[in-house]
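# Residue-level structure breakdown
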Amino acid sequence: MSDYPDHTQVRRIAVLGTGTIGASWAAWFLARGYAVDAWDPAGGWEQRLASFIETAWPHLEALGLADGADRAAVTLHPTAAAAVAGADFVQESAPERLDVKRALYRDIDPALPAGTILSSSTSGLIMSELQEGLDSAGRFVVGHPFNPPHLIPLVEVVAGRRTDPNAADWAIGFYRHVGKHPIRIRKEVPGHLANRLQAALFREAVLAVQYGLASVEDIDAAVSRGPGLRWALMGPHMTMNLAGGAAGYRGMLGHFAPGMQAWWETMTENPVLAGELAETIVAGVEEEAGERSIEELEAERDARLIGILGVLGRG
């Protein structure tokens, strides 16, 4: 790992793309005391970024993560190449399109400083496909957060075929250094890991609407007021370990596994989320939301996240 800086030497972080994910990353890095070099191609991005940071800052202060930090330590750049030119680390959060990200990477490739690693927030693209043809390909990794990154600790780190293994190790260590909970994904698959787990549950939630098992609101409650509470404390395997009582996971296998195997045999259908089914779900979500706007729902989510994190600790 000698080709890369010590984690404590990182001072400037480039944030490429300042939509929901990128702006959240920017707020997080500012709160951790870093200077942020930001760029986005969209009109009006500068004001939107400033507004997001202003909104997120009290959340970060409530978690004790912004003490002494300067929320104004942001330099706005006219080009992506200019943003990365002086960066010690780059977090890229461009739109989730292979062609867009590859064009961006080609643009910044000559400007990326030696020893600087670029980590992509891509939620499902394959790094091996993104890094093709780049001189600095060995320093490109996936660093996929969960929304909102300034609150949720998880970051999935995935290496591409051309990624230097030391670069992936460095990224794991850096995310841990800044207070995240990085996990290493050992193989490249669309959606990485957490999104695939989420997609599996979402498939069943959509099918539950399709077959009229329950209302949209009750389907949501079946997770948020049930197993979702346990999953906030422990993952599915450890939860099942406790389900086995004193015998642990082995006890669970003897008691619950046969029945669950039978359920899995019925879980083979993939719904088509369009047409009447989609409209039914939209209507159900709107009924569940009531008079609350998206902004109000986001504020409610973030306030509850802060409460949960206060109990669990960020790691």
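Figured I'd write up the structure that's included with this text. (Residues numbered from 1 in each chain as written. Predicted model: local features only at pLDDT ≥ 70, side-chain atom pairs only at ≥ 80, totals over all residues. Heavy atoms only, no water.)

Within the secondary structure layout, F140 lies in strand β6 (residues 140–145). In this structure F140 touches Y105, L112, L118, M127, Q131, L134 and T163, once residues within four positions along its chain are discounted. (Helix = DSSP H or I, 4+ residues; strand = E, 2+ residues; numbered from the N terminus. Contact = heavy atoms within 4.5 Å.)

This paragraph deals with the nonpolar core. Within the largest apolar cluster, 44 residues are counted, with the highest numbers of intra-cluster contacts made by F29, L60, F89 and F174. Those elements giving two or more residues to this core turn out to be β1 (12–16), α1 (20–31), β2 (35–39), α2 (45–62), β7 (154–159), α6 (165–177) and α14 (294–312). Apart from residues lying up to four places away in sequence, F174 is in contact with H7, V10, I13, F29, Y34 and F89. (Core = buried A, V, L, I, M, F, W, Y, C linked by side-chain atoms within 4.5 Å. Buried < 20%, exposed > 50% of the residue type's maximum accessible area, 1.4 Å probe, protein only.)

Here a ring pair, both rings aromatic, is described through the centre-centre distance and the interplanar angle of the planes. This structure, assessed with the given rule, holds 10 aromatic pairs. Taking the centre distance of 5.8 Å and the plane angle of 40° together, the rings of F89 and W170 count as tilted. Remark: W170 occurs in helix α6 and F89 occurs in strand β4 (residues 89–92); sequence separation between them is 81 residues. For the pair formed by F89 and W170, the shared burial category is buried. A ring pair is formed by F89 and Y175, whose centres lie 5.9 Å apart and whose planes are at 85°; its orientation type is edge-to-face. Here F89, found in strand β4, pairs with Y175, found in helix α6; they are 86 residues apart in sequence, far enough to count as distant. Each member of the pair, F89 as well as Y175, is classed as buried. (Phe/Tyr/Trp six-rings, centres within 6.5 Å; stacked < 30°, edge-to-face > 60°.)

Another point: unusual backbone geometry. Following N147, the chain continues to P148 via a peptide bond in cis, the omega torsion being 0°. When you line up the elements, P148 lands in the loop between β6 and β7. Residues other than glycine seldom take positive phi values, yet H192 does so here, at roughly 60°. Position of H192 among the secondary structure elements: in the loop between β8 (181–185) and α7 (194–210).

Pairing in this open sheet of 8 strands is mixed, and the strands run β3-β2-β1-β4-β5-β6-β7-β8 from one edge to the other. The two strands at the open ends of the sheet, each matched to only one other strand, are β3 (74–76) and β8. On average, each strand axis in the sheet is tilted by 25° relative to the strand beside it, whichever way the strands run. The pairing of β2 with β3 spans 3 bridges and is classified as parallel. Residue pairing for β3: V36 is matched across the bridge by V74. On the sheet, α6 packs against β1, β4, β5 (117–120), β6, β7 and β8 and is oriented at approximately 160° with respect to β8. (Pairing = 2+ DSSP bridges. Axes fitted to C-alpha atoms, helices over the stretch in contact; angles between N-to-C directions.)

Inspection of the secondary structure assignment puts S128 in helix α5 (residues 127–130). What makes S128 buried here is its relative accessible area of 3%. Here the side chain of S128 touches R161 through a polar contact of 2.7 Å, landing on its backbone nitrogen. Beyond its immediate sequence surroundings of up to four residues, S128 is in contact with G160, R161 and E188. (Polar contact = N/O pair within 3.5 Å; in protein donor to acceptor, adjacent residues only side chain to side chain.)

α2 packs onto α1 with a crossing angle of 50° between their chain directions and a minimal axis gap of 9 Å. The angle between the axes of α1 and α2 places the two elements in the oblique class. As α1 runs across α2, the sense of the crossing is right-handed. In this structure, α1 contributes T20, A23, S24, A26, A27, W28, L30 and A31 to the contact, and α2 contributes L49, F52, I53, A56, W57 and L60. Grouping the constituent residues of the contact of α1 with α2 by class yields 12 nonpolar, 2 polar and no charged. (Parallel < 35°, antiparallel > 145°, perpendicular 65-115°, else oblique. Left-handed = near helix turned anticlockwise from the far one by under 90°. Nonpolar A, V, L, I, M, F, W, Y, C, P; charged D, E, K, R; others polar.)

These figures come from the coordinates and say nothing about function on their own.
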